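Results of the structural survey
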Amino acid sequence: MRPTVLCFSGLDPSGGAGLQADIEVVGQSGSHAAIACTALTIQNSQQVFGFEATSKELLLAQANAVINDLPINTVKSGMLGTTDNIAALAEFLTEHAHLNYVLDPVLVANSGGHLGDMATLVEAFKVLIPRATLITPNTVELRALTGCED
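Residues numbered from 1 in each chain as written. Predicted model: local features only at pLDDT ≥ 70, side-chain atom pairs only at ≥ 80, totals over all residues. Heavy atoms only, no water.

Attention now moves to the overall build of the protein. When its secondary structure is counted, the protein shows five helices and six strands. Relative to the compact-globule value of 15 Å for 150 residues, the protein shows a C-alpha radius of gyration of 14 Å, a close match. Considering only C-alpha atoms, the protein reaches an extent of 40 × 30 × 30 Å along its principal axes. Counting every position in the protein, which comprises 150 residues, the buried fraction comes to 43%. For the protein, the share of sequence-separated contacts (at least 6 apart) that also reach a separation of at least 24 residues comes to 73%. (Helix = DSSP H or I, 4+ residues; strand = E, 2+ residues; numbered from the N terminus. Rg over C-alpha atoms; globule rule 2.2 N^0.38 Å. Buried < 20%, exposed > 50% of the residue type's maximum accessible area, 1.4 Å probe, protein only. Contact = heavy atoms within 4.5 Å.)

Structural data, given as C-alpha cells:
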C-alpha cells in the first residue's frame, strides 16, 4: 500500500489551492491523500470573498475516522481558519505523536485574501510549530510568524 498523508485543509472552489492542491501534490509524490476538511471557502482564482470553518468536533471526527482506517504516516496542514481548529489539530498530533507533520501556516490566500484574523492565528500557530517536522510558510507568513521584516 502507498504511504498515506492526512491533509487538514480548506476547500478552494477554484481548485487552485487547499484540498485539491494537496491531493494533486500528494498523489504526484506517489502517496495517497486522505482528507480532513477544515473550511469551505467562497473564492475564485482572483479573490477570497469569505469562508465558513468546520467545527472542531467535525474536524476531529473526520481525522479520527481516517486514522482508524488507513495507515497514516504523515499529517499535512494548510488553512485551519480558526484557533479552535488549530487547537483540534494540536490535540490530534499529541494523541498521534509518532506521525511526521508538515505545517503550512496559511494566513492569506494566494490571491491575498485573509483567511482569519492574522494576529490571532499567528499566536495560535505557536502550539503547532514545535510539533512540525517541516514548516513551509510563504514570505508573508514567515514575516508574521517571526515578527521580522527582512
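Within the element layout of this structure, Thr4 appears in strand S1 (residues 4–11). Among the residues examined, Thr4 registers a relative accessible area of 0% and is labelled buried.

This paragraph deals with the side chain of Ser9. As for its position among the elements, Ser9 is in strand S1. In terms of polar contacts, Ser9 uses its side chain to reach the side chain of Asp22, at 2.4 Å. (Polar contact = N/O pair within 3.5 Å; in protein donor to acceptor, adjacent residues only side chain to side chain.)

To continue, consider the pattern of salt bridges. Opposite charge on two side chains permits them to pair, given that their charged atoms come into close proximity. As enumerated under the stated definition, the model contains three salt bridges in all. Of the charged contacts in the structure, one is a salt bridge between Lys76 and Asp22, with a shortest N-O distance of 2.9 Å. One end of the pair, Lys76, is in strand S4 (residues 72–77); the other, Asp22, is in helix H1 (residues 18–28), with 54 residues separating them in the sequence. Per residue, the accessibility class of Lys76 equals that of Asp22, and both read buried. In this structure, Glu123 and Lys126 form a salt bridge, with 3.2 Å as the shortest nitrogen-oxygen distance. (Salt bridge = Lys/Arg side-chain N within 4 Å of Asp/Glu carboxyl O.)

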